[in-house]
Amino acid sequence: MATISEMSTSYESSFQDMFLNLKYGFLDGKLRGYVGDLLDDADYVILAECETLDDVVSYLSATERSKISNYGATHSHPSALVEMCLKSFVSDFNTLRSLAPEPLLTFLNYLTYGYMIDNVLLILVGILHGRDAQELIEKCHPLGMFDSIVTLPVATNMP
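As the structure is a prediction and not an experimental result, all values here were calculated from the model. (Residues numbered from 1 in each chain as written. Predicted model: local features only at pLDDT ≥ 70, side-chain atom pairs only at ≥ 80, totals over all residues. Heavy atoms only, no water.)

Participant: Describe the pattern of salt bridges, with residues and values.
Facilitator: With the rule as written, the count across this model stands at three salt bridges. Notably, a salt bridge pairs Arg-32 with Asp-28, separated by 3.0 Å at the nearest N-O pair. Here Arg-32 pairs with Asp-28, and both are found in helix H1 (residues 4-36), just four residues apart, close to one helical turn. Residue classification places Asp-28 among the partly exposed positions, given a relative accessible area of 35%. (Salt bridge = Lys/Arg side-chain N within 4 Å of Asp/Glu carboxyl O. Helix = DSSP H or I, 4+ residues; strand = E, 2+ residues; numbered from the N terminus. Buried < 20%, exposed > 50% of the residue type's maximum accessible area, 1.4 Å probe, protein only.)

Structure (structure tokens):
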């Protein structure tokens, strides 16, 4: 027969489990959706057989990756497709960061610090070599962008 302390521990555990879905259910669903969108081995085999960029785009738009369908016929260079996929990834990453609870949020912030450091170094070295500040900001990685990065070129030009 169970003691009262064992029964109360059991009730507390089931009570916490009941509210787990309320607290983390949407985040869990988003993560499961992201995992479902990952390419698998069969996708890579089919993509390796594609002869043109249009074949790649048509295959990816036929799958669950509907963001690729916005690529359009006006883009004919692979770098435009890579840029669009990077923007999609950054958007999904920022969505995940906005939904994340504290331990996960800290970890996701740590992932962006390396990109922030790279962006700051890119701007500082570029300014030292006389490059245009706006051109340097456009070359920064989107995961490493932060609010005050646009003021960095101004601060480095001060005597």
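Participant: Got a sec to walk through helix H5 (residues 102-128)? Specific residues and values, please.
Facilitator: Taking 1.5 Å per residue as the helical rise, H5 with its 27 residues ought to reach 39 Å, and the 38 Å between its terminal C-alpha atoms agrees with that figure. Along H5, the largest kink reaches about 25° and is centred on Thr-112. For H5, the full list of buried residues reads Leu-108, Thr-112, Met-116, Asn-119, Ile-123, Gly-126 and Ile-127. (Expected span 1.5 Å × (residues − 1). Bend = angle between axes of the 7 residues up to and from the residue.)

Participant: Break down the packing of helix H2 (residues 41-49) against helix H3 (residues 53-62) for me, citing the residues and quoting the values.
Facilitator: Contact geometry of H2 with H3 gives a least axis separation of 9 Å together with a crossing angle of 150°. The orientation of H2 with respect to H3, classified from their angle, is roughly antiparallel. You can see that H2 and H3 cross each other, and the crossing is right-handed. Two secondary-structure elements touch here, H2 through Asp-43, Ile-46 and Leu-47 and H3 through Val-56, Tyr-59 and Leu-60. Taken together, the residues of the contact of H2 with H3 sort by class into five nonpolar, no polar and one charged. (Axes fitted to C-alpha atoms, helices over the stretch in contact; angles between N-to-C directions. Parallel < 35°, antiparallel > 145°, perpendicular 65-115°, else oblique. Left-handed = near helix turned anticlockwise from the far one by under 90°. Contact = heavy atoms within 4.5 Å. Nonpolar A, V, L, I, M, F, W, Y, C, P; charged D, E, K, R; others polar.)

Participant: Help me get a handle on the environment of Ile-117, residues and values and all.
Facilitator: Tracing the sequence through the fold places Ile-117 in helix H5. When its relative accessible area of 51% is taken as the criterion, Ile-117 is described as exposed.

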